[in-house]
Amino acid sequence: MRGFAAVFKRELSGYFITPVAYVFIVVFLVLVGVFTFNEDFGGFYGPSGQGQADLTPFFAYHPWLYLFLIPAISMRLWAEEHRSGTIELLATLPIPTWAIVVGKYAAAWVFAGIALALTFPMWMTVNFLGDPDNGVIAAGYLGSFVLAGAFMAIGACISAATKSQVIAFVLSVVVCLGFLLAGFSPVLSFIESWAPQAIVETVSGFSFLTHFQAISRGVIDLRDVVFFVSLIGLALLVNAIVLELKRGS
Amino acid sequence: MIELRKLSKRFGPIVAVDDVSLEVRPGEVLGFLGPNGAGKSTTMKMVTGFLRPTSGTAIVDGHDVQTEPMAVKSKIGYLPEGAPAYPDMTPESYLKFIAEVRGLKGRKRRERIDEVVALVHLEGVMRQPIETLSKGYKRRVGLAQAILHDPKILILDEPTDGLDPNQKYEVRQLIRQMAGQGESRKLIVLSTHILEEVEAVCTRAVVIARGRVVADDTPAALQARSRVHNAVVLGVRGDGAGLAEALAELSQVEAVEQLDGQRETCRLRVIPRDHQLIVQEVRELAMAKGLQIEEIRVEAGRLDEVFRTITLGGAS
C-alpha cells in the first residue's frame, strides 16, 4: 500500500509540474465547450436541446474527445519510463508490480477526472437556466468518468508494450476507435447486412458507446458498470503481464 | 551476503551471462570488470530483480530474488547504469518519493534526506529539475537515491562513468567511506571499466568476459600477473653503453627493454624471471659500471595489460 500511495502521488503531481496538465485541461475544456454549444454539433441552444435545460449535448461528444485526448495522456505512461530508463529504478524498488501498474493508472485516471470536474460551470449554467434532473447529470458524469477510465486502461496497456510514445498513441486511438465504433449505428447496420444477429449483438455488447449512452441516460444498470470495471481490470492485468514478459525476455 | 548460483541469462541466441557462481561477503568491495557487453550490467539487473534469469538464481541476505523479490529489493540500494531519474522532478521531490517508498516517514525522513544530501553534496541544486543538472549532479542524485535507506548491500553500475576527475575522486572517497566503517560496513558491488578505480577502491576484482568469470582475485594479485610485475625501470646518465647487454646476462633477468629516454640519458626496463625482486642486483651492476643512476623503481604491474590478456586470451 505504501508503494501504491507513493507511486500514485508522484505520478499525479508529475502532471502538474510540467505543462502537460495545463495544456490538456485547457484543450479539453475548450473542445468540450465548442462541441456543446456549436449548432452543428451539440446545439446546446438548438432544436436538439428541445429547449430543455439538460446536459445531453454536453455528454454526447465526450467519447469522441476522449478518443484523442486520453491516448495523449496514456501514451507516456510506460513508454516514457522505458525510454528514460526509470522503469529499471521503479522495478528494483520494493514495490509490487500491481501497485506500480494500478498506481500509475489511478493517477492518470484521477487526472482525467480533474479535467472532467472542471466542467462544473456547465452544470451550474443549466441549473441557472432551468430545472434539470441533477440525477441524470450525475449519471452522465459517472458514465463519462468510467469511459475515460476504460480508454485510459487500454492506452496504459498499449503504452507498456512500446518505447515509442507515437506508436503508443496511434495504436491506442485505433483500438479505442474500434471499441467505440462497435456501437455506432452505421457500423452495426453494416454488420447486420451480412452477419447473423448473434455476432451483431456480441459486437455491440463490446461497444463503449452503447454502455456509455446507457449510463448517461440516467439508467445506471449494473451490467454497464460491470462491463467497464471488468474491462479496466482486464486491461490492467494485461498491462502487468506485458511488464512481466519484458522482464523475462 | 550475495550468492550467485549458476546464474545464466540468454537473450534469444545470445548468451549474456553464462553459468556464473559467486559469493560476496559484507565488508567486501567487489569490482566487476569486463569489456562492454561482457554481462556485467545484465548480472546486476538479475541480482536486483529487474531481469529474470534464464536459469540459476541469486540469494541476497538469505532471500531468493526469484521467490522473495520484495525482501531482496528492500535490502539493496541500486544505482542503475546511467543513473536514471525522473527528469521533471527536483532532487528534493525525487528523494522524498524514494524515501516514502522505502518507508521513511516524518522527521526521520527529513533527517535522513539531509544527511544523504550532505554526503553527496547536493545542497545547491535541491530545487532544480533533474533534467537541468550536469552529469555529475545527476549521478550524485542516483547515488543519494541508492544509499537513502542505508542499505547493507549496495550495487552500483558504473558509478563514476562520465564524471570529471574531481567528481570521480569524490565518489570513490564516498564508496571507501561506506565500505570501511566497522559495524555499519556494507557489501558493495560496483561495475566499471576503469581499471584505476579497481585499484583505488576494491578489495576484490572479478573479471567477466563473454558472460563468464575469467578471474577472481584481489586487485594486487591481478596486478602481479602482469608481465612487468616487479620489473625494474632504470635510468642512467650517458648512453649507458653495454649496460643492457650486461643486465641481460644476469641469471635472474628474463629480458631487457629499451625505453625512450631524454637527451643524454638511457632508460631501460629490466624484466625478471618469475617476477623476482632484482632491484638490488640491477643497482649494484649499474654502480659497478660507474654509471650515475637518475631513476630506479620497481613496477607493480599493469592492470590494463592483465585485463587485456585475460579477456582476450580466453577467446583463442
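Residues numbered from 1 in each chain as written. Chains lettered and ligands numbered in written order. Predicted model: local features only at pLDDT ≥ 70, side-chain atom pairs only at ≥ 80, totals over all residues. Heavy atoms only, no water.

A. Quick look at the overall build of chain A. Looking only at helices and strands, chain A features 13 helices and zero strands. Taken from the N to the C terminus, the helices and strands of chain A come in the order α-α-α-α-α-α-α-α-α-α-α-α-α. The C-alpha radius of gyration computed for chain A amounts to 19 Å, which stays within 12% of the reference 18 Å derived for 249 residues, consistent with globular compactness. Across the 249 residues of chain A, 51% fall into the buried class. Pairs at least 24 apart in sequence give 76% of the contacts found in chain A among residues at least 6 apart. Within the structure as shown, chain A displays about 11,300 Å² of accessible surface, and the carbon and sulfur contribution to it stands at 72%. Of the charged side chains in chain A, 11 are positive and 14 negative; the average position of the first set lies 18 Å away from that of the second. (Helix = DSSP H or I, 4+ residues; strand = E, 2+ residues; numbered from the N terminus. Rg over C-alpha atoms; globule rule 2.2 N^0.38 Å. Buried < 20%, exposed > 50% of the residue type's maximum accessible area, 1.4 Å probe, protein only. Contact = heavy atoms within 4.5 Å. Areas by Shrake-Rupley, 256 points an atom, 1.4 Å probe, with all protein chains shown as cover. Lys, Arg positive; Asp, Glu negative; His and termini not counted. Charge placed at Lys NZ, Arg CZ, Asp CG, Glu CD.)

B. Broad picture of the interface of chain B and chain A. Chain B puts 26 residues into the contact, and the matching count from chain A is 28 residues. In this assembly, chain B packs against chain A so that about 2,600 Å² is buried in total across both faces, 62% of it on carbon and sulfur atoms. Counting the surface chain B buries against chain A, the share from its top three residues, Phe 50, Tyr 86 and Val 101 of chain B, is 26%. Run the count over chain B and chain A and you get three salt bridges. We note a salt bridge from Glu 244 of chain A to Arg 52 of chain B, for which the minimum N-O separation is 2.5 Å. Our count for the chain B to chain A interface comes out at ten residue pairs in polar contact (both at pLDDT 80 or more). At the level of elements, strand E1 (2-11), helix H2 (69-75) and helix H3 (91-101) of chain B are the ones that each hand at least two residues to the side of chain B that touches chain A. For the side of chain B that touches chain A, the leading source of residues is H3 of chain B, giving five residues. For the side of chain B that touches chain A, the per-class residue count stands at 14 nonpolar, five polar and seven charged. (Buried area = accessible area lost by both parts, 1.4 Å probe. Salt bridge = Lys/Arg side-chain N within 4 Å of Asp/Glu carboxyl O. Polar contact = N/O pair within 3.5 Å; in protein donor to acceptor, adjacent residues only side chain to side chain. Nonpolar A, V, L, I, M, F, W, Y, C, P; charged D, E, K, R; others polar.)

C. Quick look at the nonpolar core. In this structure, Phe 208 of chain A together with Tyr 94 of chain B are the most contacted members of the largest nonpolar core, which totals 150 residues. Considering each element in turn, this core owes the most residues, 13 residues, to helix H8 (residues 134-160) of chain A. Among residues more than four places away in sequence, those in contact with Tyr 94 of chain B are Leu 89 of chain A together with Pro 84, Ala 85, Tyr 86, Met 89, Ile 130, Val 141 and Gln 145 of chain B. Core analysis: the next-biggest nonpolar cluster, separate from the first, contains 13 residues, Leu 243, Leu 247, Ile 278 and Val 282 of chain B among them. (Core = buried A, V, L, I, M, F, W, Y, C linked by side-chain atoms within 4.5 Å.)

D. Layout of the packing of aromatic side chains. Residue and element names in this part refer to chain A. Across all of its chains, the model carries 21 aromatic pairs over all chains by this definition. Relative to Phe 111, the ring of Phe 16 lies with its centre 5.6 Å away and its plane at 80 degrees, an arrangement referred to as edge-to-face. Taken together, the positions of Phe 16 in helix H1 (residues 2-16) and Phe 111 in helix H6 (residues 97-117) put the pair 95 residues apart, joining distant regions of the chain. Taking relative accessible area as the criterion, Phe 16 reaches 28% and is therefore assigned partly exposed. When the ring of Phe 59 is compared with that of Tyr 141, the centres are 5.2 Å apart and the planes differ by 90 degrees; the resulting orientation is edge-to-face. Of this pair, Phe 59 sits in helix H3 (residues 56-60) while Tyr 141 is found in helix H8, placing the two residues 82 residues apart along the sequence. Residue classification places Tyr 141 among the buried residues on the basis of a relative accessible area of 17%. (Phe/Tyr/Trp six-rings, centres within 6.5 Å; stacked < 30°, edge-to-face > 60°.)

E. How the structure looks around the pairing of strand E4 (residues 55-60) of chain B. Residue and element names in this part refer to chain B. As paired strands, E1 and E4 are joined by five bridges and run antiparallel to one another. The residue of E4 that forms the bridge with Ile 2 is Val 60. A loop of two residues connects E4 with strand E5 (residues 63-64), the two strands running antiparallel in sequence, and Asp 61 in this loop sits at a positive phi of about 55 degrees. (Pairing = 2+ DSSP bridges.)

F. Broad picture of the sheet that holds strand E10 (residues 212-217) of chain B. Residues and elements named next belong to chain B. Strands sit in the order E6-E7-E8-E3-E9-E10 across an open sheet of six strands; the sheet is mixed. Both edges of this open sheet fall to strand E6 (76-79) and E10, since each of them pairs with a single strand only. Recorded for the sheet is a direction-independent mean angle of 15 degrees between the axes of neighbouring strands. Pairing between E6 and strand E7 (residues 153-157): four bridges, direction parallel. Residue pairing across strands places Leu 79 opposite Leu 156, the latter belonging to E7. Along the sheet face, helix H6 (residues 165-180) touches strand E3 (29-33), E7 and strand E8 (187-192) and points at about 155 degrees away from the line of E8. (Axes fitted to C-alpha atoms, helices over the stretch in contact; angles between N-to-C directions.)

G. Up close: the sheet that holds strand E11 (residues 232-237) of chain B. Residue and element names in this part refer to chain B. Here four strands make up an open sheet; going across it, the order is E12-E13-E11-E14 and the pairing antiparallel. The strands lining the two open edges of the sheet, one partner per strand, are strand E12 (253-259) and strand E14 (293-298). Averaged over all neighbouring strand pairs, the angle between strand axes comes to 15 degrees, with direction disregarded. With five bridges joining them, E11 and E14 adopt antiparallel strand pairing. By the bridge assignment, Val 232 is partnered in E14 with Val 298. Sheet contacts for helix H10 (residues 279-288): E11, strand E13 (265-272) and E14; angle to E14, the most-contacted strand, approximately 165 degrees.

H. Up close: a nonpolar patch on the surface. Residues and elements named next belong to chain A. Taken together, the side chains of Leu 234, Leu 237, Val 238, Ile 241 and Leu 245 define a hydrophobic patch exposed on the protein surface, amounting to about 470 Å² of accessible area. In this fold, Ile 241 is placed in helix H13 (residues 222-248). In this structure Ile 241 comes out as partly exposed when scored by relative accessible area, which is 45%. (Patch = residues over 30% accessible without salt bridge, like charges linked within 9 Å, V, L, I, M, F, W, Y side chains within 5 Å.)

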